[in-house]
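# Summary of structural features
The residues making up each chain are set out below.
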Amino acid sequence: MNYYYHPNPTSDAILSGEESAHAIKVLRKKVGDQIHIMDGVGGKYVAEITEANFRKCGFRIVEEEHLARSHAQVHIAIAPTKNIDRLEWFVEKACELGTAQISILLTKRTERKKINLERLEKKAISAMKQSKNFWKCQIGELTNYGNFINSSSLQTPQRFIAYVETGQEVALHKLIKPNIDTLIMIGPEGDFTPEEVQAAEAKGATAIHLGNSILRTETAGIIAAHTFNLANEL
């Protein structure tokens, strides 16, 4: 079953240009055919095509259902990779795993200073449709680490920061508790600085490691999301 994305399908009954082209040109949908839509915040809809236009496919909602989130959420705050393809890969896979929110951190050792938020949003939407999670992962702008540390995100009930500098950190899977909203911070290839870790710890975060191997940033992010899922049996 193919799903189309529309953030507010009950008010603006037109698919985006890209979604319209897929429905009309690729799948050959016609007036009267039914399509399925998700709004990214738990809504799933059955719609009927009213205008088979490949640039702006019109529709009307005939059935709707709203799904509540039934489990705790994980927020991954991660430094962008130097190779942007690796960051996009991480976003896609993390969203498939059901990650609720991704923040992009500008740390002291971050090499990449710019991101294309629009491309990351497209990856999140594509992953949501593919995995049928019905909740779109929220992707944040590139944020200065100091500002992030002082934001409401550090009020998440369960907070961790991945760090490999001292070798004394406990593995995430031994500390993470199920059914609790969780923030996990992942640094750049050069890791967080000791001062950044101390700032996170002052806000109640616990320094952890993600295994014996030295991981690339995007791999560490996926391991963190997967460890959360295992703890919550998702």
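Bear in mind that the values here come from a model prediction, so they are computed numbers and not experimental data.

### Brief notes about the pattern of salt bridges
Where side chains of opposite charge bring their charged atoms close, a pairing between them can arise. Summed over all chains, the structure comprises eight salt bridges. Across the salt bridge formed by Glu-92 and Lys-93, the nearest N and O atoms sit 3.4 Å from each other. Taking the relative accessible area as the measure of exposure, Glu-92 reaches 21% and is therefore partly exposed. Judged by its relative accessible area of 26%, Lys-93 is partly exposed. The salt bridge involving Glu-121 is made with Lys-136; its shortest N-O contact spans 2.8 Å. Residue Glu-121 is found in helix α3 (residues 117-131), and its partner Lys-136 is found in the loop between α3 and β7 (138-144); the two are separated by 15 residues along the sequence. Take Glu-121: its relative accessible area is 22%, and that puts it in the partly exposed class. Residues participating in the shared-partner salt-bridge network are Glu-92, Lys-93 and Glu-96.

### Quick word on the sheet that holds strand β10 (residues 182-186)
Spatial ordering of the open sheet is given by β7-β6-β5-β10-β8-β11-β9, a layout of seven strands whose pairing is parallel. The sheet is open, and its two borders are formed by β7 and β9 (170-171), each paired with just one other strand. Bridging between β9 and strand β11 (residues 206-209) involves two bridges; their strand directions are parallel. Directly across from Val-170, in β11, lies its bridge partner Ile-208. Relative to strand β8 (residues 158-162), helix α6 (residues 194-202) is tilted by about 170°, and along the sheet it contacts β8, β10 and β11.

### Concerning the sheet that holds strand β2 (residues 34-38)
Across the sheet, which stays open at both edges, the four strands sit in the order β1-β2-β3-β4 with mixed pairing between neighbours. Each edge of the open sheet carries a strand with a single partner, namely β1 (3-5) and β4 (58-66). For this sheet, the mean inter-axis angle between neighbouring strands, taken without regard to orientation, is 35°. Sitting on the sheet, α3 touches β1 and β2, and the angle it makes with β1 is about 155°.

### A short note on helix α2 (residues 84-96)
Over its 13 residues, α2 extends 19 Å from the first C-alpha to the last, a length consistent with the 18 Å expected when each residue adds 1.5 Å. Buried within α2 we find Leu-87, Glu-88, Phe-90, Val-91, Ala-94 and Cys-95. Taken down its axis, α2 places every buried residue within 155° of arc, on the same side. Taken together, the buried residues of α2 touch β5 (74-78), β6 (101-106), α3, β7 and α7 (217-231). N-capping of α2 is provided by Asn-83, with a side-chain oxygen placed 2.9 Å from the backbone N of Asp-85. Positive phi appears at Gly-98, one or two residues downstream of α2, with a value of about 90°.

### Let's talk about the layout of surface pockets
Taken as a whole, the largest pocket holds about 380 Å³ of empty space. Looking at the largest pocket, it is lined by 18 residues, and the ones nearest its centre are Ser-16, Glu-18, Glu-19, Ile-125 and Lys-129. Secondary-structure elements contributing two or more residues to the lining of the largest pocket are β1, α1 (17-26) and α3. Residue classes in the lining of the largest pocket are distributed as seven nonpolar, six polar and five charged.

### Points about empty space enclosed by the protein
Applying the stated rule across the entire model yields one cavity of 30 Å³ or more. What the largest cavity holds in volume is close to 50 Å³. What lines the largest cavity is simply Pro-80, Thr-81, Lys-82, Arg-109, Glu-111, Pro-188, Glu-189, Gly-190 and Thr-217. Taken together, the residues that form the lining of the largest cavity break down as two nonpolar, three polar and four charged.

Rules used in this analysis
Residues numbered from 1 in each chain as written. Predicted model: local features only at pLDDT ≥ 70, side-chain atom pairs only at ≥ 80, totals over all residues. Heavy atoms only, no water. Salt bridge = Lys/Arg side-chain N within 4 Å of Asp/Glu carboxyl O. Buried < 20%, exposed > 50% of the residue type's maximum accessible area, 1.4 Å probe, protein only. Helix = DSSP H or I, 4+ residues; strand = E, 2+ residues; numbered from the N terminus. Pairing = 2+ DSSP bridges. Contact = heavy atoms within 4.5 Å. Axes fitted to C-alpha atoms, helices over the stretch in contact; angles between N-to-C directions. Expected span 1.5 Å × (residues − 1). Arc of directions from axis to C-beta. Polar contact = N/O pair within 3.5 Å; in protein donor to acceptor, adjacent residues only side chain to side chain. 1 Å grid on protein atoms, 1.4 Å probe; cavity = no way out; pocket = protein on both sides within 12 Å on 5 of 7 lines; lining within 4 Å. Points joined across faces, edges and corners; volume = space filled by probe spheres on them. Nonpolar A, V, L, I, M, F, W, Y, C, P; charged D, E, K, R; others polar.

All quantities given are derived from atomic positions and should not be read as evidence of function.
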